[in-house]
Amino acid sequence: MENTITDKNNIKETFTIRTFDNEPVIRVGLESGNMNIDFRMNGTYDIIDENDNVLMENVKSKLKWRVKILESTGATFSYSILLKEFFSEDDCMNELLELRKKGYDVRKKEVGCILYINGSRINNNLRYQLICGKWEDKDFAEKEMKKFKEKYECRIIKEKISESEGKLELFDSEYDRSAEIMNTLKLIPKSEDSSVTIYDVYCKKGNHNGRKEKRKLKGIVEIKVDNKGELTVISTISLEDYIIGLVSCMMSPDFPLESLKAQAIATRSKIISTYGLKHLNDNYDFCSSEHCELYKGIYSLNDNVRIAVKETKGKVLMHNGNACHAVYNPVCGGHTEDYYNIWNSPERPYLKGIFDSENSDGSEIVGPLDTEKKVERWINSRPKVNCNLSGRNFNHSLDFAKKYFRWEITYSRRELEEIIKRKTNEDIGILYDIIPRKRGISGRLKEIEILGSHKNIVLRNENYIRHALSDGLLNSSCFIVEVETGDDGTPINFTFIGAGSGHGVGMCQAGAIVMAEYGKSYEKILNHFYRGIKTEIIY
């Protein structure tokens, strides 16, 4: 349900209210990148079109089926500059009016929703975006964005002008049954144990190139023309089934049950808190890649994860009447990071950086990481924190924690020059040095300056820094740089020596597993990483 009001500045805003009588239902998009999709139905299905007209009824077939695009056009978009996001409408309006006085074409956009479950308000994630301009040419928008780089950590967003459309053909492998459909078809299961196997779903994980995999999906399955004029699969499932799939992708089944429970609650909280904020130009709530959360359907599910999700059903972390944005990271490296230092978004009190030990605040080891000497000492140390596995032997594999607690990688100067040019579109010439300018509480870099023979450039934002200095993505932005020079003083190699994996905010997954191994309950784990929260059952 949408509500529209006009404020005193004659600016219209539209906000959405989402309601569920019980457990929420989630729509997950699986990108195929194909002009055709092959699938197999395991059970009995009705096949309907986008207007719910029945095309085929009570289909029970062991054959492989195909949906093929006969003709299609993609959606069209405009491009704008997202300057900043606010929780407070007044703060957004104050800045907007100041920029308008200076002659800038800026506007306010409200995103997010108010979520009700069982008649109770569970979450309000409404945000106010300060946006500049509206252009059809993305390259022009990116040039305009440079005007704001000094003041804002801005980025380009796109807004849909027109929907995609296309004509589809559906047929089985023997071509006994076929139909032509516009835009979308839906596979409606006749029983709960039915499933659909989708072949050649595009999958990209971490720094690796995309590959095609198959997915087995429960619930209603849609195949539709996406924004590119290609085919996308959408799986509509219950939130609990979705959580089982997500936790199965990120946690080994032999990890301690309490760590699986902590992960299930954190994941459920994160999904509830971001519901209505993601994929605003798409017809689904979340994608199946790491952009949202990696989801592989009902393949690779395991009993321990099922138990952990069942025993925590409906439990979420709450703070001041809203579900917590309970983010997590693989290995914090010994100290988690403040939320605000990673995302240019309003502060969240329960996501403050902490020393990852229950027995110390870390002050006797390193103190505040507010100088480069302290950061260097920190990165070269092996503090006794939860995610440091030195001298610890468990029955399950925590190789990822051993690999990323402390790490290093070396690039030749010429390699790094090419990477920087490709990733930033800036030709700096000969790379002389990389200077840290701002760090967060965990030592993660927020701003660096790259010194070159042609020009110096400043990079801001933890994720952008990690992208710009790596062929893929640096493990984290908590690093120092060692430069090897030749006889003439010109750099030859650059070595990044770092701590941790990921953004470092919220629950350290390796640390949570170790805490559970030493007998800590999921409540203790969650209260260690998310301060000042409480757990509630919302359905």
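Further up the page is the structure itself.
Residues numbered from 1 in each chain as written. Predicted model: local features only at pLDDT ≥ 70, side-chain atom pairs only at ≥ 80, totals over all residues. Heavy atoms only, no water.

## A word on the overall build of the protein
From N to C terminus, the protein includes twelve helices and 32 strands. In terms of overall size, the protein behaves like a compact globule, its C-alpha atoms giving a radius of gyration of 25 Å where 539 residues would be expected to give roughly 24 Å. Its C-alpha atoms give the protein principal-axis dimensions of about 75 × 60 × 50 Å. When the 539 residues of the protein are sorted by exposure, 53% land in the buried category. Contacts in the protein between residues at least 24 apart in sequence constitute 70% of all its contacts with a sequence separation of at least 6. Carbon together with sulfur atoms contributes 44% to the accessible area of the protein, which is approximately 24,800 Å² in total. The averaged location of the 82 negative side-chain charges in the protein is 2 Å from the averaged location of its 80 positive side-chain charges. (Helix = DSSP H or I, 4+ residues; strand = E, 2+ residues; numbered from the N terminus. Rg over C-alpha atoms; globule rule 2.2 N^0.38 Å. Buried < 20%, exposed > 50% of the residue type's maximum accessible area, 1.4 Å probe, protein only. Contact = heavy atoms within 4.5 Å. Areas by Shrake-Rupley, 256 points an atom, 1.4 Å probe, with all protein chains shown as cover. Lys, Arg positive; Asp, Glu negative; His and termini not counted. Charge placed at Lys NZ, Arg CZ, Asp CG, Glu CD.)

## Observations regarding helix α2 (residues 138-145)
A turn of α-helix holds 3.6 residues, and therefore any two residues three or four places apart point the same way. Of all the residues in α2, the buried ones are A141, E144 and M145. All buried residues of α2 lie within an arc of 105° about the axis, which places them on one face of the element. Where the residues of α2 are buried, they touch β8 (76-86), β12 (127-135) and β13 (155-162). Between the side-chain oxygen of the N-cap and the backbone nitrogen of D139 there are 2.9 Å, and the N-cap of α2 in question is D137. (Arc of directions from axis to C-beta. Polar contact = N/O pair within 3.5 Å; in protein donor to acceptor, adjacent residues only side chain to side chain.)

## A short note on the state of the cysteines
Linking two cysteines covalently via their sulfur atoms produces the bond known as a disulfide. In the structure shown here, the tally under the stated rule is zero disulfides. No disulfide involves C292; its sulfur sits 3.6 Å from the nearest other cysteine sulfur, which is in C287. (Disulfide = S-S within 2.5 Å.)

## Examining the sheet that holds β8
Strand order in the open sheet made by the four strands is β9-β12-β8-β13, with antiparallel pairing throughout. Each edge of the open sheet carries a strand with a single partner, namely β9 (106-111) and β13. Here the strands of the sheet are splayed against their neighbours by 45° on average, with no regard to which way each runs. For β9 and β12, the ladder comprises six bridges, and the chain directions are antiparallel. Residue pairing in the sheet places K108 in a bridge with L130 of β12. In this fold α2 packs onto β8, β12 and β13, with an angle of close to 25° to the strand it touches most, β8. (Pairing = 2+ DSSP bridges. Axes fitted to C-alpha atoms, helices over the stretch in contact; angles between N-to-C directions.)

## Structural notes on unusual backbone geometry
Here the phi dihedral of N58 falls at roughly 50°; this positive angle occurs in a residue that is not glycine. Assignment of secondary structure puts N58 in strand β6 (residues 54-60). Within the chain, D200 stands out as a residue other than glycine whose phi angle is a positive 60°. Among the structural elements, D200 can be located in strand β17 (residues 195-203). By relative accessible area, D200 is classed as partly exposed at 38%.

## Brief notes about the side chain of S194
Among the secondary structure elements, S194 is positioned in the loop between β16 (184-189) and β17. A polar side-chain atom of S194 sits 3.0 Å from a polar atom in the side chain of S191. Residues contacting S194, with those up to four places away along its chain left out, are N42, G43, T44, Y45, P189 and K218.

## Describing the side chain of K315
Position of K315 among the secondary structure elements: in strand β22 (residues 315-319). Setting aside chain neighbours within four positions, we find K315 in contact with I265, R268, Y522, T535, E536 and I537.

## Topic: the sheet that holds β16
Strand order in this open sheet of seven strands is β6-β5-β16-β19-β20-β3-β21, and the pairing throughout is mixed. In this open sheet, the two strands that pair with only one neighbour each are β6 and β21 (286-287). Sheet analysis places strand β3 (residues 25-34) next to strand β20 (residues 231-238), joined by eight bridges and oriented antiparallel. Within β20, the residue paired with V25 across the bridge is S238. Each of β3, β20 and β21 is contacted by helix α3 (residues 239-250), which is oriented at about 115° to β20, the strand it contacts most.

## Description of the nonpolar core
If you look at the biggest cluster of nonpolar residues, it comprises 106 residues, and the most contacted ones within it are F39, Y242, M507 and Y530. Apart from residues lying up to four places away in sequence, Y530 is in contact with A266, L317, A326, V327, Y328, Y350, L351, G506 and M507. (Core = buried A, V, L, I, M, F, W, Y, C linked by side-chain atoms within 4.5 Å.)

## So, the environment of N58
With a relative accessible area of 46%, N58 lands in the partly exposed category. When the C-alpha atoms of N58 and G43 are compared, they prove to be 9.4 Å apart, with 15 residues separating the residues in sequence. Apart from residues lying up to four places away in sequence, N58 is in contact with T44, Y45, D46 and K190.

## Describing the packing of aromatic side chains
Tallied over the entire structure, the rule returns 13 aromatic pairs. Geometrically, the ring pair formed by Y104 and F148 is tilted, given 5.1 Å between the ring centres and 55° between the ring planes. Placement of the pair is Y104 in the loop between α1 (89-101) and β9 and F148 in the loop between α2 and β13, with a sequence separation of 44 residues. On the basis of relative accessible area, F148 is assigned to the buried category, the value being 5%. By way of ring pairs, the aromatic residues Y104, F148 and Y152 are connected into one cluster. A cation over an aromatic ring shows up here: K149 above the ring of Y464, its NZ or CZ 5.9 Å from the ring centre. The ring centre of Y328 lies 5.0 Å from the NZ or CZ of K270, which sits over that ring. (Phe/Tyr/Trp six-rings, centres within 6.5 Å; stacked < 30°, edge-to-face > 60°. Lys NZ or Arg CZ within 6 Å of the ring centre and 35° of its normal.)

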